[in-house]
Amino acid sequence: MVFSQFAKLVKPLPIVGFAVVAAICLAAAQPAKAQDTDGQGPAPWRSFTVWLAAAPGRAEEFAAFEAYLAQAGVKDVVPAWQLIRTATSWRQCGDPFAIPERRLWPNITPALAFVRDRIVPVIGPVEPVAVFRDEAMNRCAGGARGSVHRRFAALDLTPQRPLSLADLTAALCPIHAAHGPRARIGLGFYRGRRFHVD
């Protein structure tokens, strides 16, 4: 089975046991014939500023979200605007950004803390490319029915350094094995250089 087919079977992973993650990591580390891309890619900062100004109340709600991240101690893990990206397939599905309801904001802090404390020190800075999706966006983007993206509890990330999928699995699988179960954090891999933390 080629990795891109395998990735479709496992994306995204919920919190899983060590044996399942180990099997995925071994399969993912197999050499790929060609590096896949992340499709259309994320919307840039300029698109975010235009989106933010396009509706009344958005800027105020985003400022409240940034204040929440600061209060929760996770403001500087990644730029806050990247945390409201919906899906890389947003052009077919709707808006590139969505601010989750305030009641959902605490759901993202464990994943952000894990990224800050365990992932960034090993692989360097990361960029969220898909985080929150409401039901309609999740369906259109092909997300799993039970996707934790709908609860604002998952991050799809790419490394900013030029790391291959084999590099990522070699670095991240041992981190997850050592710290993921205790932190109740799941790890998954997609094709290309994209991975999932929830």
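Structure's up top.
The paragraphs below set out a description of the structure included in this document. Remember, it's a predicted structure, so these values are computed and weren't measured experimentally.

## Brief notes about the overall build of the chain
Link 1 in the chain: Of regular secondary structure, the chain possesses eight helices and four strands.
Link 2 in the chain: Reading the chain from its N terminus to its C terminus gives the helix and strand order α-α-α-α-α-α-β-α-β-α-β-β.
Link 3 in the chain: A separation threshold of at least 6 residues defines the contact pool for the chain, and within that pool the share at least 24 residues apart is 74%.
Link 4 in the chain: Just so you have it, the chain exposes about 9,700 Å², and 56% of that area is on carbon and sulfur atoms.

## Details of helix H6 (residues 109-123)
Link 1 in the chain: Taking 1.5 Å as the rise per residue, H6 with 15 residues should run 21 Å; its terminal C-alpha atoms sit 20 Å apart, in good agreement.
Link 2 in the chain: Within H6, the axis deviates most sharply at Val115, by approximately 40°.
Link 3 in the chain: For H6, the elements touching its buried residues are helix H4 (58-72), strand S1 (126-130), strand S2 (155-159), helix H8 (165-183) and strand S4 (195-197).

## Observations regarding the packing of helix H3 (residues 45-53) against H4
Two packed helices can be described by the angle between their axes and the distance between those axes.
Link 1 in the chain: As a packed pair, H3 and H4 sit with axes 7 Å apart at the nearest point and diverge in direction by 120°. Residues Phe48, Trp51 and Leu52 of H3 form the contact with H4, whose own contacting residues are Arg58, Ala59 and Phe62.
Link 2 in the chain: Partitioning the contact of H3 with H4 into residue classes produces five nonpolar, no polar and one charged.

Rules used in this analysis
Residues numbered from 1 in each chain as written. Predicted model: local features only at pLDDT ≥ 70, side-chain atom pairs only at ≥ 80, totals over all residues. Heavy atoms only, no water. Helix = DSSP H or I, 4+ residues; strand = E, 2+ residues; numbered from the N terminus. Contact = heavy atoms within 4.5 Å. Areas by Shrake-Rupley, 256 points an atom, 1.4 Å probe, with all protein chains shown as cover. Expected span 1.5 Å × (residues − 1). Bend = angle between axes of the 7 residues up to and from the residue. Axes fitted to C-alpha atoms, helices over the stretch in contact; angles between N-to-C directions. Nonpolar A, V, L, I, M, F, W, Y, C, P; charged D, E, K, R; others polar.

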